[in-house]
Amino acid sequence: MGPTKIDRALVADTALRLLNEVGLDGLTLRAIARELDVKAPALYWHFKDKQALLNEMATEMLRRMAADMGEPSTAGRDWRQGLTDMMCGLRAHLLRYRDGAKVYSGTHYTDTSYAAPMEANLRVLVDAGFSPGAAARAWFTAYSYTIGYVIEEQATGPDPVAGTEGYDLAARAERLAAYPLAAGAGAELFADHDAGFRAGLGAVVAGIAHALGPEGDAAP
């Protein structure tokens, strides 16, 4: 058999699969090369460094998410529900990968595959009466909340992809016995990430409606 023929797509796909095994810290070009049964220098024809690879991985994650979710529909739906559904879908996709939110945040897309879904989501807001600027700020605010929440969620566990357990809330409460409010906050912060995410997102969307929405007190 001849040597493995590699390209950017194969390397990114392999990296995403390996990510679930080793996490972001353990993901190196050398480890990916071993997985592909090639020498590490072969990867440098496609990616000059790890950051360039992370950019491609994030772009591939976005492509997969866009393919799964499709364009948002405005038929009979309030913009609040559309924004909520989009962010819930983003969170679900990030959770498919160990350290998925860390990989996704702060990277630069390698093509314009992000443009069509972004345009569609902004269009939902503009059609609901947001100015283009307010729509962009509203989307980015909800997006930033979602990315930040998932980074914390994956760091604190439980994470079935990484095989990690969550906080021992009883032990945490015992350590913080002298601080009853901080101790009691554990159940709210760490016991049910699904419910916590939705509660926080609801607050973010309500704030967007008030500060940026077409009928909000501070609407531009």
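Attention here is on the structure that accompanies the text. Since we're looking at a predicted model, the values are computed, not measured.

This brings us to helix H6 (residues 115–127). For H6, built from 13 residues, the straight-helix expectation of 18 Å at 1.5 Å per residue is met to within 8% by its first-to-last C-alpha distance of 18 Å. Of the residues making up H6, those classed as buried are Ala120, Asn121, Leu122, Val124 and Leu125.

Bringing helix H2 (residues 29–36) into the picture now. Buried residues of H2: Leu29, Ala31, Ile32, Ala33 and Leu36, and no others. Tucked into the core, H2 has its buried residues touching helix H1 (8–26) and helix H3 (50–69). A positive phi of about 60 degrees marks Asp37, the residue just after H2.

Take the packing of aromatic side chains next. All chains considered together, the criterion is met by eight aromatic pairs. Plain terms: the ring middles of Trp139 and Tyr143 are 4.9 Å apart, the flat faces sit at 15 degrees to each other, and that makes the pair stacked. With Trp139 and Tyr143 both in helix H7 (residues 132–156) and four residues apart, this pair spans about one turn of that helix. Assessed through its relative accessible area of 14%, Trp139 is described here as buried. The buried category is assigned to Tyr143, whose relative accessible area is 15%. Ring-pair connections join several aromatic residues into one group, and the members of that group are Tyr104, Tyr109 and Tyr114.

Rules and cut-offs
Residues numbered from 1 in each chain as written. Predicted model: local features only at pLDDT ≥ 70, side-chain atom pairs only at ≥ 80, totals over all residues. Heavy atoms only, no water. Helix = DSSP H or I, 4+ residues; strand = E, 2+ residues; numbered from the N terminus. Expected span 1.5 Å × (residues − 1). Buried < 20%, exposed > 50% of the residue type's maximum accessible area, 1.4 Å probe, protein only. Contact = heavy atoms within 4.5 Å. Phe/Tyr/Trp six-rings, centres within 6.5 Å; stacked < 30°, edge-to-face > 60°.

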